[in-house]
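# Residue-level structure breakdown
So you can see what is in the structure, the chains are spelled out below.
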Amino acid sequence: MTVLDEIIAGVAEDLASRRASRPLGDLIDAVEHAPGAIEVLSDLRGPGLAVIAEVKRSSPSKGALAPIENPADLAIAYERGGATAISVLTEQRRFGGTLDDLRAVRAAVATPILRKDFVIDPYQLWEARAAGADLVLLIVAALSPVELVQFLELAAQLGLTALVEAHTPNEVHAAIDAGAVLVGVNNRNLKTLDVDLANFEKMATLVGDQAVKVAESGILSTADAARMRSAGADAILVGELLVRHGDPQAAVAALRSLV
């Protein structure tokens, strides 16, 4: 069993518990009465390097990164630094996040919010929108081709922008074939947790101009960010660098200054 398989097994267990406590009908009602999602693609395509700044307490590869007792305060710093979007980890077992973190961030900032999780069921898309998310992560390796298309369609119906994550050439092709307009290339292999920034450099050419390109994982300095920008990244998704920095607002601003 790979690391991804283990994570998904835990996600499925936690999802079953949440579903038992909150029926889908409640989520549908909440979404119907919620403000519309914020459009973000135009800003991700804008001039300069867009930054998706992440609220991330821990990871399977590095363990604890930062306590983040108040996600809202961190999100406010990101927003003031010019973050294009804010990613909130909501997976609890390996990343220490919850939907409550997302709700707190939503109440504190006007910046578009990405629900970063391992989506394996349509219920989670309704959850994301009901909690105030504007974007949702869909991982090609965690879904069948049919599921990927179905989830993209539901996300669009809900007003969610889907960040479709790939790691290999086949996964990039699957993302494009499914109709993804926002493609994240993960420099971390979710099955082994190995990281290589060269992965984005190789995969970016496969994405081409067919979608907005996001470089994910392993970006630990402005030099790394500049390298991803040079390779064609429209945006970067950064967590560890920011949560470990003494001044997250300044750190985001420095990344945003890259052209």
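Everything in this summary refers to the structure shown in the same document. (Residues numbered from 1 in each chain as written. Predicted model: local features only at pLDDT ≥ 70, side-chain atom pairs only at ≥ 80, totals over all residues. Heavy atoms only, no water.)

## Section: the packing of helix α4 (residues 71–81) against helix α12 (residues 248–256)
- Between α4 and α12, whose axes approach to 7 Å, the crossing angle comes to 35°. Regarding α4 and α12, the two cross each other, and that crossing is right-handed. In contact with Leu-74, Ala-77, Tyr-78, Arg-80 and Gly-81 of α4, α12 contributes Pro-248, Gln-249, Val-252, Ala-253 and Arg-256.
- The residue inventory of the contact of α4 with α12, partitioned by class, reads six nonpolar, two polar and two charged. (Axes fitted to C-alpha atoms, helices over the stretch in contact; angles between N-to-C directions. Helix = DSSP H or I, 4+ residues; strand = E, 2+ residues; numbered from the N terminus. Left-handed = near helix turned anticlockwise from the far one by under 90°. Contact = heavy atoms within 4.5 Å. Nonpolar A, V, L, I, M, F, W, Y, C, P; charged D, E, K, R; others polar.)

## A few points about the packing of aromatic side chains
- In the structure shown here, the tally under the stated rule is one aromatic pair.
- Seen in terms of ring centroids, Phe-95 and Phe-118 are 5.9 Å apart; in terms of plane orientation they differ by 35°. Their pairing is tilted. In this pair, Phe-95 sits in the loop between β4 (85–89) and α5 (99–108) while Phe-118 sits in the loop between β5 (113–116) and α6 (122–131), placing the two residues 23 residues apart along the sequence. A single burial state applies to Phe-95 and to Phe-118, both of which are buried. (Phe/Tyr/Trp six-rings, centres within 6.5 Å; stacked < 30°, edge-to-face > 60°. Buried < 20%, exposed > 50% of the residue type's maximum accessible area, 1.4 Å probe, protein only.)

## Details of the sheet that holds strand β6 (residues 135–139)
- Around the barrel, which closes on itself, the eight strands sit in the order β1-β4-β5-β6-β7-β8-β9-β10 with parallel pairing between neighbours. If you compare each strand with its neighbour and ignore which way they point, the axes differ by 25° on average.
- For strand β9 (residues 212–216) and strand β10 (residues 235–238), the ladder comprises three bridges, and the chain directions are parallel. By the bridge assignment, Val-214 is partnered in β10 with Ala-235. (Pairing = 2+ DSSP bridges.)

## A look at the pattern of salt bridges
- Tallied over the entire structure, the rule returns 14 salt bridges.
- A salt bridge links Arg-94 to Glu-6; the nearest nitrogen and oxygen atoms lie 3.1 Å apart. With Arg-94 in the loop between β4 and α5 and Glu-6 in helix α1 (residues 3–21), this residue pair connects regions lying 88 residues apart in the sequence.
- For Glu-6, a relative accessible area of 36% translates into the label partly exposed.
- As a salt-bridge pair, Arg-115 and Glu-127 come within 3.1 Å of each other at their nearest N and O atoms. (Salt bridge = Lys/Arg side-chain N within 4 Å of Asp/Glu carboxyl O.)

## Notes on the side chain of Ser-59
- Looking at the element boundaries, Ser-59 is found in strand β2 (residues 58–59).
- The exposure class assigned to Ser-59 is buried, which follows from its relative accessible area of 6%.
- Of note is the side chain of Ser-59, whose polar atom sits 3.0 Å from the backbone nitrogen of Lys-62.
- Not counting the four nearest positions on each side in its chain, Ser-59 is found in contact with Arg-94 and Phe-95. (Polar contact = N/O pair within 3.5 Å; in protein donor to acceptor, adjacent residues only side chain to side chain.)

## A few points about unusual backbone geometry
- Even without a glycine there, the phi angle at Leu-193 is positive, about 75°.
- Relative to the elements of secondary structure, Leu-193 occurs in the loop between β8 (182–186) and α9 (198–207).
- In this model, Ser-217 sits at a positive phi of 75°, which is unusual for a non-glycine residue.

## Things to note about the nonpolar core
- Counting 69 residues, the largest nonpolar core has Tyr-78, Ile-86, Leu-125, Leu-138, Ile-236 and Leu-242 as the members making the most contacts within it.
- It is helix α7 (residues 145–158) that provides the largest number of residues to this core, a total of six residues.
- Apart from the residues lying within four places of it in its own chain, the contact partners of Leu-125 are Val-119, Val-136, Leu-138, Phe-151, Leu-154, Ala-155, Leu-158 and Leu-160.
- Val-3, Leu-4, Ile-8 and Leu-41 belong to the second largest nonpolar core, which has 26 residues in total. (Core = buried A, V, L, I, M, F, W, Y, C linked by side-chain atoms within 4.5 Å.)

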